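Each chain is listed here by its residues.
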Amino acid sequence: MYEGQGAQPGLRARFSSNDDGDAISRTDLVGFGLVEDRPDPSLDEIVRLAAGIAKCEKAFITFAHNDQLHVLASVGSDVSQTPAALSVCGVTYREDAPLIVGDLSRDIRFQNYPYVAAENGHRFYAGFPLRLACGTSIGSLCVIDRKVRQELLDEIQQATMQSLTMLAVRILEGRQRDARLSDYLGIASDWIWEQDEHFRFTYLSRSASDNGIRIEDFLGKARWDAASANGESAKFWAEHRRALEAHEPFRDLRFRWFHGGRERVYSISGRPVSSQDGTFLGYRGSARDVSEEELARREVEYMAHHDPLTGLANRTAFEQRVGDAFQRWEEDGSTATLFLLDIDHFKQVNDTYGHSAGDTLLIAVSNRLKACVGADATVARLGGDEFAILEPSLERDGAVAEYAASLARAISQPTDIGDFVIECGSSIGVAALPEHGGDFSQLMGNADLALYEAKAVGRGRFIVFETAMRRDADCRNTLARELCEAFDNDQFDLVFQPIVRMEDECIVGAEALLRWDHPERGRLAPGAFISALDSSRYAADVGYKVLEDACRAALPWTREAPHGFRLSVNLFAGQLRDPRLVNRVRAILERTGFDGRNLDLEITENILITPTADLADTLRSLKQMGADIVLDDFGTGFGSLNHLLQFCIDRIKVDRQFVNGLNVDVDYNTVTHAVVKLAVDLGLKVTAEGIETEEQKRFLSLIGCTDVQGYHFSRPVRGEQILEHIQSARRQSESGQAVNGRRKGAA
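Residues numbered from 1 in each chain as written. Predicted model: local features only at pLDDT ≥ 70, side-chain atom pairs only at ≥ 80, totals over all residues. Heavy atoms only, no water.

Visitor: Help me out: how do you make sense of the overall build of the protein chain in this one?
Guide: The secondary structure content of the protein chain amounts to 23 helices and 27 strands. Put simply, the protein chain has 747 residues, and 48% of those count as buried. Of all intrachain contacts in the protein chain linking residues separated by at least 6 positions in sequence, the fraction that spans at least 24 positions is 61%. When the accessible area of the protein chain is evaluated, it comes to approximately 37100 Å², of which 48% is carbon and sulfur surface. (Helix = DSSP H or I, 4+ residues; strand = E, 2+ residues; numbered from the N terminus. Buried < 20%, exposed > 50% of the residue type's maximum accessible area, 1.4 Å probe, protein only. Contact = heavy atoms within 4.5 Å. Areas by Shrake-Rupley, 256 points an atom, 1.4 Å probe, with all protein chains shown as cover.)

And the structure:
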């Protein structure tokens, strides 16, 4: 180790790039908590042992950073930094094998180094490269003495030094992993817990305290004996205990806890831990507070079944009630009557008095309807000014007419709207169950036809459905039928949005995007139909056609692109449920000749929330074909950080929702930065989509995002234009190489 010119004491050690430019090369040891200002006892003990084993005056553990070597631990010297070019260790860490020299002064490589040439300088040297598990060499363990040695290290000394070297690497890698996990746990909402063989808590990570948990109140107690057990029954915890006693793993077990006057909901997952001889040691797992998620779920569930303005049942709930009525009819012959009504000239109320007045009228009408129906009736607001009532066991003929008249009278009552009084009528269509339909769609469709007839003959009246009203138009499942026709008639088309490399804005890929050339509505973007398509039985077939057409189109691009080219294609949920997916993708790659190593397959975060049992295996099989798995719209669902570890994700796409908020709301900057850093630290690649401004691009570049797409660079274009861009870039690249070649020749 050089102790003369350039040596700088008192610096905190860090390392970054080595000559090979490995991915680890820009890792900051200090940032990972691997090196502190205080000495490291473990590393100090290693150099002490090394000096003793080799019988040398000095021993060092060094790490390389650019052109400097930084000392992490030493014996016989207080040097903390030295130039790599003037140190034998600067050679050692680049070697594949130990470097041992009996007399440095006689070695032409080192004899002119100042610390060798100096009087009473270093003579004997033995250095062993520190190589991480990934193969990257980051420094060395060395011993140095001022005495020349004819006999170097014997076999036992060399083997022991090798063992100490590997131990040093394991210590550094272990501390790096611990520090990284600690950082993640510090920013994540999840926390880690451990239990002993009696299911008593022995450890909770510090994130637990951030979620309102007093860690000391849990240590030494089983979960059912802790304060968090008060929200569930004894039976619930008994069942959980039986599962633990059977040493069964569990996932996403949710329980309520009433704490501080609030209901909290936690999700826990765990697995049994055993020693190498099979002895059960306890449990280890993770937990997270899902209270907000649970509240949102309940709110979503309520909203999914209730109209937000009136509190009445909505269309979904009403359909369920009608389905229940059909089931009762099948079981015991019970009948029911459906009344479909809307407010006459309601649009005029909105236009004249404003939407607030219209809302007031809707609320008043809903209250009146509830007041005049039977106890077992269901009143629903289907949307706008359209209401529906399902009344069971109503007598036919006169009873229906009287009932409809009472509804009309209730709606027609004057309604006070501030300084105004509104009077309105209603039109009502009636259909009887089961006479006028065998399911919800038929019954509602026929009631709607009766309502249409009531409006056509003058409004302010009710009409009962008759078979003659079934005209030539039946609009059920119109969109699904049109999608089927679109697939059969080849009405789908592809465009491609370029993906560019941040540093030079070169095109390095493109995302295939679907368009529908609708015969009546014109060219439609995915927003107009993709949701319906994704839930239809045609989704998988459309998805495979998109993949094949995209691979066929992009094949020449991968050959022409001077900077490499990756094709990105979205997978439908229906494809991921299709057991043929892997074989179909393999067949498409074989037919088109497209290299799977140039393919990105995008899945949405919501698919991971309720995955199929074999989803993880399916994704691994796709990766075996060379494809990368991309998690699209990352951060917009209820996904957990665990998904990044549970599934073989290669890249995440930062959703445009985050990008749009950049430089507008500092919280978006912070969250986006955290998402990108998390992905990079986990070894994932990152693409940001929806870039529209130079400011957004600049911020994403600063935080480490390497690939981007959006209108700032290009709108979706046809394949021919992608090829033109690539060929233009290739000509520019070849032109630049030719110019450089002429310059070298002239020199």
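On we go.
Visitor: What should I look at first to understand the sheet that holds strand β14 (residues 386-392) in this one?
Guide: Sheet strands associate in pairs through backbone hydrogen bonding, adopting either a parallel or an antiparallel arrangement. Spatially, the five strands line up as an open sheet ordered β13-β14-β12-β17-β18, and their pairing is mixed. Only two strands of the sheet have a single neighbouring strand rather than two, namely β13 (378-383) and β18 (462-464). Here the strands of the sheet are splayed against their neighbours by 20° on average, with no regard to which way each runs. With five bridges connecting them, β13 and β14 associate as antiparallel partners. Across the sheet, residue A380 finds its bridge partner in β14, namely A388. Contacting β12 (336-343), β13 and β14, helix α9 (residues 355-372) runs over the sheet at an angle of about 5° to β14. Packed on one face of the sheet, helix α11 (residues 440-456) meets β12, β13, β14, β17 (426-433) and β18 and runs near 145° to β17. (Pairing = 2+ DSSP bridges. Axes fitted to C-alpha atoms, helices over the stretch in contact; angles between N-to-C directions.)

Visitor: Is there a simple way to think about unusual backbone geometry in this case?
Guide: A negative phi angle is the norm for most residues apart from glycine, just as the trans form is the norm for most peptide bonds. Cis geometry is adopted by the peptide bond preceding P434, which originates at L433 and carries an omega value of 15°. Here P434 shows up in the loop between β17 and α11. The phi dihedral of K55 is positive, around 55°, even though this residue is not glycine. If you trace the backbone, K55 turns up in the loop between α1 (41-54) and β1 (58-65). Given the relative accessible area of 61%, K55 is considered exposed. For F199, which is not glycine, the phi dihedral falls at a positive 65°. Within the secondary structure, F199 is located in the loop between β7 (191-195) and β8 (201-204). The exposure class assigned to F199 is buried, which follows from its relative accessible area of 7%.

Visitor: How do you make sense of the confidence of the model for the protein chain when you look at a structure like this?
Guide: Detailed reading of the predicted coordinates is not advisable wherever pLDDT falls low. Overall, the prediction assigns the protein chain a mean pLDDT of 84, with 88% of residues at 70 or greater. Mean pLDDT values for the elements of the protein chain range from 65 in helix α23 (residues 719-746) up to 95 in helix α16 (residues 581-592). In the model, residues 472-476 has pLDDT below 50 throughout and makes four contacts with residues more than four positions away in sequence or in other chains. (pLDDT = per-residue confidence, 0-100.)

Visitor: Which parts of the structure should I look at to understand the nonpolar core?
Guide: Soluble, globular proteins show a tendency: their nonpolar side chains are buried together. Core analysis: the largest hydrophobic core is formed by 81 residues, its most contacted members being I603, L622, I652 and L700. No other element matches the eleven residues that helix α14 (residues 539-560) contributes to this core. Excluding its chain neighbours within four sequence positions, the residues that come into contact with I652 are L631, F634, L644, V675, A679, L684, K685, V686 and T687. (Core = buried A, V, L, I, M, F, W, Y, C linked by side-chain atoms within 4.5 Å.)

Visitor: How should the pattern of salt bridges be read in this particular structure?
Guide: Two side chains that carry opposite charge are able to pair once their charged atoms sit near each other. Counted according to the given criterion, the structure contains 49 salt bridges. Among the ionic pairs, R523 bridges to D493, the shortest N-O distance being 3.2 Å. One end of the pair, R523, is in strand β21 (residues 522-524); the other, D493, is in strand β19 (residues 492-501), with 30 residues separating them in the sequence. For R523, a relative accessible area of 37% puts it in the partly exposed group. Residue classification places D493 among the partly exposed positions, given a relative accessible area of 21%. Here K697 makes a salt bridge to E694, at a shortest N to O gap of 3.8 Å. With K697 and E694 both in helix α22 (residues 694-702) and three residues apart, the pair spans about one turn of that helix. (Salt bridge = Lys/Arg side-chain N within 4 Å of Asp/Glu carboxyl O.)

Visitor: Would you take a moment to explain the pairing of β7 for this structure?
Guide: Remark: a regular strand shows side chains that alternate across the two faces of the sheet. Taking every second residue as pointing to the same face, the buried face of β7 carries W191, W193 and Q195, while none of I192 and E194 on the other face is buried. Pairing of β7 with strand β11 (residues 280-289) involves five bridges; the strand directions are antiparallel. Residue E194 lies in a different strand from β11, and its bridge partner there is R284. As defined by bridge partners, β7 adjoins β8 across three bridges and the pair is classed as antiparallel. Across the sheet, Q195 pairs through a bridge with F201, a residue of β8. As consecutive antiparallel partners, β7 and β8 are separated by five residues, and within that stretch F199 has a phi angle of approximately 65°, a positive value.

Visitor: So what exactly am I meant to see when it comes to the packing of α14 against α16 here?
Guide: The description of two helices packed together rests on the angle between their axes and the distance between the axes. Packing of α14 against α16 leaves a shortest axis separation of 9 Å and a crossing angle of 30°. In terms of axis orientation, α14 runs roughly parallel to α16. In this structure, α14 meets α16 at a crossing whose hand is right-handed. Contacts between α14 and α16 involve D541, Y544, L547, E548, C551, R552 and L555 from the first element and L581, R584, V585, I588, L589, R591 and T592 from the second. Taken together, the residues that form the contact of α14 with α16 break down as eight nonpolar, one polar and five charged. (Parallel < 35°, antiparallel > 145°, perpendicular 65-115°, else oblique. Left-handed = near helix turned anticlockwise from the far one by under 90°. Nonpolar A, V, L, I, M, F, W, Y, C, P; charged D, E, K, R; others polar.)

Visitor: Explain the pairing of β1 to me, please; I cannot follow it from the model alone.
Guide: Of all eight residues in β1, eight are buried, a share of seventy percent or more. The two faces of β1 match: K58, F60, T62 and A64 on one face and A59, I61, F63 and H65 on the other face are all buried. Here β1 pairs with strand β6 (residues 137-145) via six bridges, running antiparallel. Within the sheet, the bridge partner assigned to T62 lies in β6 and is S140. As defined by bridge partners, β1 adjoins strand β2 (residues 68-75) across seven bridges and the pair is classed as antiparallel. Along β2, the bridge assignment pairs F60 with S74. Between β1 and β2, which pair antiparallel one after the other, the connecting turn spans two residues, and N66 there sits at a positive phi close to 55°.

Visitor: Quick question: what am I supposed to make of helix α8 (residues 346-353) here?
Guide: Because each turn of an α-helix spans 3.6 residues, side chains separated by three or four positions in sequence point in the same direction. Among the residues making up α8, those that are buried are F346, V349 and N350. Along the long axis of α8, the arc covered by the buried residues comes to 95°, so they all point the same way. Seen from the open side of α8, the exposed residues pointing more than 90 degrees away from its buried face are K347, Q348, D351 and T352. Buried residues along α8 sit against β12, α9 and β16 (420-422). With its phi angle positive at about 100°, G354 sits one or two positions after the end of α8. (Arc of directions from axis to C-beta.)

Visitor: Please clarify how the packing of aromatic side chains should be interpreted in this entry.
Guide: How two aromatic rings sit relative to each other is given by the distance of their centres and the angle of their planes. The full count for this structure, using the stated rule, is 23 aromatic pairs. The interplanar angle of 45° and the centroid separation of 6.0 Å between the aromatic rings of F492 and W516 together place this pair among those described as tilted. One end of the pair, F492, is in strand β19; the other, W516, is in strand β20 (residues 507-518), with 24 residues separating them in the sequence. In this pair, the class of F492 matches that of W516, namely buried. Plain terms: the ring middles of F496 and W557 are 4.9 Å apart, the flat faces sit at 85° to each other, and that makes the pair edge-to-face. Residue F496 is located in strand β19, and its partner W557 is located in helix α14; the two are separated by 61 residues in the primary sequence. (Phe/Tyr/Trp six-rings, centres within 6.5 Å; stacked < 30°, edge-to-face > 60°.)

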